[in-house]
Amino acid sequence: MGRRGNTGAEARDRDAEGRARSARPRDGLGRPLPYGAPGVERQAEGIVRTPDETVAEAQALLDAGKPFHAHEVFEDAWKAGPEAERSLWRGLAQLAVGLTHAARGNATGGARLLRRGAGAVEEWAAGSGVRRPYGMELDGLAAWARALAGRVEGGAGAVDAGTEAPRLHRG
C-alpha cells in the first residue's frame, strides 16, 4: 500500500504550503535521523541575504563541519540572486554538497560534485571576468575541490567536514 491515506508519522510530511518536506531531524551532515531523535537545527529556507552575508554564514557553517547546511545558504543565493550570479552560487552549493558526500564516505558522489562545482565556479569566473567575487578566490576554491576529490577517490575514506572545509576568503 502506498503512502496515500496514511496518517500520523507514516503520512508524508508537508510544509505550510502543502509541499512534501521531511520533518525528520537531521544530523550535522544532513542525514535523516529517526523521528523524535535529537538533531541539528535546520537552516531556514528562502532567506534573502546580501552576498556578503551569504559568504559569511556559509563560512561559519563550513567551519562548524556543516557543509550540508552551507549548501542550503548557497542555494538561497542561487534562487534569489541576480540571474548573472546564479551559476556562481549553484557552483558553490555543489562544492558544499561534494564536501557533504565526502564526509559521509561517498567517495564517488563527493568527487563528482566537487569537480562539477569547481568547473562551475571557474566557468562563471571566466564568463564574468570576476576572479574574486565578494572576496572569494574562485581559483583557490576550485583547486581545493579538485585536490579533495582526488584524495577521496584515492581511498581517503570519510573526511572530517570541519577540518576539510575550504576558506572562502583568501588573505
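I will try to describe carefully the structure that is included in this document. (Residues numbered from 1 in each chain as written. Predicted model: local features only at pLDDT ≥ 70, side-chain atom pairs only at ≥ 80, totals over all residues. Heavy atoms only, no water.)

### Quick look at the pattern of salt bridges
Oppositely charged side chains are able to pair whenever their charged atoms sit close together. This is how the line gets drawn: Any Lys or Arg side-chain nitrogen located within 4 Å of an Asp or Glu carboxyl oxygen qualifies as a salt bridge. Numbering of helices and strands starts at the N terminus; helices are DSSP runs of H or I of at least 4 residues and strands are runs of E of at least 2. For every residue, the accessible area obtained with a 1.4 Å probe (protein chains only) is divided by the maximum for its type, and the residue is called buried under 20%, exposed over 50%, and partly exposed between those limits.
In total, this model carries 10 salt bridges according to the counting rule given. For Asp63, the salt bridge identified is with Arg167, shortest N-O distance 2.9 Å. Residue Asp63 is found in helix α1 (residues 51-63), and its partner Arg167 is found in the segment after α6 (161-164); the two are separated by 104 residues along the sequence. Its relative accessible area of 39% is what places Asp63 among the partly exposed residues. For Glu122, the salt bridge is made with Arg146, and the minimal N-O distance between the two is 2.8 Å.

### What about the side chain of Glu85?
Filter applied, for reference: Working convention for charge: Lys and Arg count positive, Asp and Glu count negative, and His plus the chain ends are omitted. Contacts between residues were defined by any pair of non-hydrogen atoms, one from each residue, lying within 4.5 Å.
Looking at the element boundaries, Glu85 is found in the loop between α2 (67-80) and α3 (86-104). In this structure, Glu85 is buried with no salt-bridge partner, the nearest side chain bearing the opposite charge being Arg86 at 8.9 Å. For Glu85, the residues in contact, after removing those within four places along its chain, are Trp124 and Tyr134.

### Details of the packing of aromatic side chains
Our working definition: For Phe, Tyr and Trp, where Trp contributes only its six-membered ring, two rings pair if their centres lie within 6.5 Å, and the inter-plane angle classes them as stacked under 30 degrees, edge-to-face over 60, or tilted in between. Charges are assigned to positions over rings by a cutoff of 6 Å between ring centre and Lys NZ or Arg CZ, combined with an angular limit of 35 degrees from the ring normal.
Under the definition given, this model contains 2 aromatic pairs. Look at Trp89 and Tyr134: their rings are 5.9 Å apart centre to centre, the planes differ by 20 degrees, and that puts the pair in the stacked class. Of this pair, Trp89 sits in helix α3 while Tyr134 sits in the loop between α4 (107-128) and α5 (138-153), and the two are 45 residues apart along the sequence. Of the residues examined, Trp89 reaches a relative accessible area of 1% and is grouped as buried. Site record: aromatic cluster; members linked through ring pairs are Phe74, Trp89 and Tyr134. Between Arg24 and the ring centre of Tyr35, over which it is positioned, the NZ or CZ distance is 6.0 Å.

### Details of the packing of α1 against α2
How we decide: In this analysis an axis means a line fitted to C-alpha atoms, helices contributing only their contacting stretch, and an angle means the value between N-to-C directions, from 0 to 180 degrees. Roughly parallel covers angles under 35 degrees, roughly antiparallel covers those over 145, roughly perpendicular covers 65 to 115, and oblique covers all other angles. Less than a right angle of anticlockwise turn of the near helix away from the far helix marks a crossing as left-handed, whereas a clockwise turn marks it as right-handed. Here the term charged refers only to Asp, Glu, Lys and Arg, the term nonpolar to Ala, Val, Leu, Ile, Met, Phe, Trp, Tyr, Cys and Pro, and the term polar to all other amino acids, Gly among them.
Packing of α1 against α2 brings their axes to within 7 Å, and their N-to-C directions diverge by 165 degrees. Accordingly, the angle class assigned to the pair α1 and α2 is roughly antiparallel. For the crossing formed where α1 meets α2, the hand is left-handed. From α1, Thr54, Glu57, Ala58, Leu61 and Leu62 reach across to α2, where they touch Pro67, His69, Ala70, Val73, Phe74 and Ala77. Of the residues belonging to the contact of α1 with α2, the class tally is 8 nonpolar, 2 polar and 1 charged.

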